[in-house]
Amino acid sequence: WHVRGRTSRCIGQLKGHLAYIMGLAFTHTVAGRSSLLLLISTDCEGFARVWNCSPLLDPSKASRKGVRKKTKKSSAESEVVALPDDAPDEVPSDYFFSLDKAENTLKVSDGSINAVAVSPNNVLVATGGKDKVLRIWKLKGNALTEAVPLKGHRRPITAVQFSPVDKLVLSCCSYGHAMLWNLVDYQCLTTFQNERHTGIYNCHFLNQGLQVATTDSAGLLKLWVVKTAECSAAISEHSDEDGLRDVWALDVTPDDQYIITGGTDSCINILKDFTEQDQQEDVAQQQAATLDNQRLQNCIRQGHWEEAVTLALQLKRKHDARVVLATMLHSLGDAEAPARLDRIVRRWTTDTVEQVVRYCRDWNT
């Protein structure tokens, strides 16, 4: 599909699968530098197919040589249409990319292949499905070779994803656990386990690979800390009138600011990550508290009793208010302290008086 703003249209079709398509994954490209774009697709009969979609990298360039345009006779029939040399550098309105056969077809297993992912460097491909085996393939040209089977899941694998920064791959299954695998020795490093084995349907790396997000059959979006395998947050935003709360869809924006989930309640939820903002606010509050405490101590040392009492009450520091008043009475002595205290109290509002009375009650208990 070609998407521009709020509009989109189908610009290509790949034919060859004879069963339900379960997983799709493009190889990663760099704008202006990539010349090869492959698509790996998997189906419910255990086949994986590799398609060469490189013409999609620059449809306008391909269209000058001739593009396929659908005719009214049949969606399978097409004719070549030449475009003028000054055609705009966008997808032409009559552009249509079509393939009737994959570059490479491979029988992976006898069961459904539910998930497929491509590593960030386009060297490895991960597949997983009904047979509970995670397979790591080498992508050479347009072929999947040298599979390494990783076993450990107890139920069908539902999703796989490579780490964006480390040599790690994440897989999850309907038994309720997600497994983190090392791509150096192909050993399981960590398992993220759901309580009561509620099935995990999708998974995604966050925060430069330091966190993992999962969605499950309990309607929860969970955030996990990779280092400790502990769940740091469980968010419930999906509900269904029939009691079904499965959350199947999960995606994250490239900047990790937004998490998108979709479930059986027919709703798409968009959640924003406020972790960094909260941390900044905590730091700001700590700095402000340090400055306020320094101001209070300076007022006490300089004998600015009225300012010190006012500041302690404004900050609602019950203990500090008692210390300031006690220090003032002790420093001024019996001759001067009563008059100074009377002058301070006369300037208090009704709310301040009630506040101090409450503090006095607590001080005497």
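Asks: I keep staring at the side chain of His204 and nothing clicks. Help me out?
Replies: Here His204 is to be found in strand 19 (residues 200-206). Take His204: its relative accessible area is 16%, and that puts it in the buried class. A distance of 3.1 Å separates the side chain of His204 from the side chain of Gln161, its partner in a polar contact. Residues within four places of His204 in sequence aside, it is in contact with Gln161, Leu170, Gln211, Val212, Ala213, Leu250, Asp251 and Val252.

Asks: Any chance you could explain the pattern of salt bridges here in plain terms?
Replies: Any two side chains of opposite charge can pair, so long as their charged atoms come close to each other. Following the criterion strictly, the structure yields 11 salt bridges and no others. The partner of Arg295 in a salt bridge is Asp292, and the shortest N-O contact between them spans 3.8 Å. Note that Arg295 and Asp292 are positioned in helix 2 (residues 275-302) at a spacing of 3 residues, about one turn of the helix. Owing to a relative accessible area of 43%, Arg295 belongs among the partly exposed residues under this scheme. The class for Asp292 is buried, based on a relative accessible area of 18%. Arg347 is paired through a salt bridge with Glu306; the nearest N and O atoms lie 2.7 Å apart. In this pair, Arg347 is assigned in the loop between helix 4 (318-346) and helix 5 (350-363) and Glu306 in helix 3 (residues 305-314), connecting sequence segments 41 residues apart. For Arg347, a relative accessible area of 57% translates into the label exposed. The exposure class of Glu306 is partly exposed, given its relative accessible area of 27%.

Asks: What is the right way to look at helix 5 in this model?
Replies: Since the α-helix packs 3.6 residues into each turn, any two residues three or four apart lie on the same face. Between its first and last C-alpha atoms helix 5 spans 20 Å; for 14 residues at 1.5 Å apiece the expected length is 20 Å, and the two agree. For helix 5, the full list of buried residues reads Thr352, Gln355, Val356 and Tyr359. Down the axis of helix 5, the sector holding all buried residues measures 95°, keeping them to one side. In helix 5, the exposed positions that point more than 90 degrees away from the buried face belong to Thr350, Val357 and Arg361. Those residues of helix 5 hidden inside the fold are in contact with helix 3 and helix 4.

Asks: Help me understand a negative patch on the surface, please; the structure alone is not making it clear to me.
Replies: Taken together, the side chains of Asp273, Glu276, Asp278, Glu281 and Asp282 define an acidic patch exposed on the protein surface. Relative to the elements of secondary structure, Asp273 occurs in the loop between strand 25 (268-272) and helix 2.

Asks: Looking at this structure, I do not really get the environment of Ala289. What am I missing?
Replies: With respect to the element layout, Ala289 can be found in helix 2. Each C-alpha atom, one on Ala289 and one on Leu315, is 9.2 Å from the other, the two residues being 26 residues apart in sequence.

Asks: What am I meant to see in the packing of aromatic side chains here?
Replies: For any two aromatic rings, the description comes down to two numbers: the centre-to-centre distance and the angle of the planes. Throughout the structure, instances matching the rule amount to 3 aromatic pairs. Relative to Trp363, the ring of Tyr359 lies with its centre 6.2 Å away and its plane at 45°, an arrangement referred to as tilted. Linking Tyr359 with Trp363, this pair stays in helix 5, spanning 4 residues, or about one helical turn. A relative accessible area of 10% places Tyr359 in the buried class. The ring of Phe47 has Arg49 sitting right over it, with the charged end atom 5.4 Å from the ring centre.

The rules behind these values
Within each chain, residues carry numbers counting from 1 in the order of the written sequence. Local features are withheld for residues below a pLDDT of 70 in this predicted model, meaning they are given only at 70 or higher, and side-chain atom pairs are given and counted only at 80 or more; totals for whole chains, interfaces and linings count all residues. The basis for every side-chain value is the complete set of non-hydrogen atoms in the structure, without hydrogens or water. A run of H or I in DSSP counts as a helix once it spans at least four residues, and a run of E counts as a strand once it spans at least two, with each numbered from the N terminus. Burial classes: relative accessible area under 20% of the type maximum marks a residue as buried, over 50% as exposed, and values in between as partly exposed (1.4 Å probe, protein chains only). In protein, a polar contact requires one atom able to donate a hydrogen and another able to accept it; more generally it is a pair of N or O atoms within 3.5 Å, and residues adjacent in sequence count only if both atoms are side-chain atoms. What makes two residues a contact is simply this: any of their non-hydrogen atoms within 4.5 Å. A carboxyl oxygen of Asp or Glu within 4 Å of a side-chain nitrogen of Lys or Arg is what we treat as a salt bridge. To estimate how far a helix should reach, multiply one less than its number of residues by 1.5 Å. This arc is taken over the directions from the axis of the helix to the C-beta atoms. Surface patches are defined over residues having more than 30% relative accessible area and no salt bridge, joining like charges when they lie within 9 Å and nonpolar side chains (Val, Leu, Ile, Met, Phe, Trp, Tyr) when within 5 Å. Using a 1.4 Å probe, the Shrake-Rupley method yields the accessible areas, and only the shown protein chains count as cover for residues. His is not counted here, nor are the chain ends, while Lys and Arg score as positive and Asp and Glu score as negative. Each charge is placed at NZ for Lys, CZ for Arg, CG for Asp and CD for Glu. Each aromatic pair joins two rings of Phe, Tyr and Trp (for Trp, the six-membered one) with centres within 6.5 Å, and gets the label stacked for planes under 30 degrees apart, edge-to-face for over 60, and tilted for any other angle. Consider the ring centre and the ring normal. A charge sits over the ring if Lys NZ or Arg CZ is within 6 Å of that centre and within 35 degrees of that normal.

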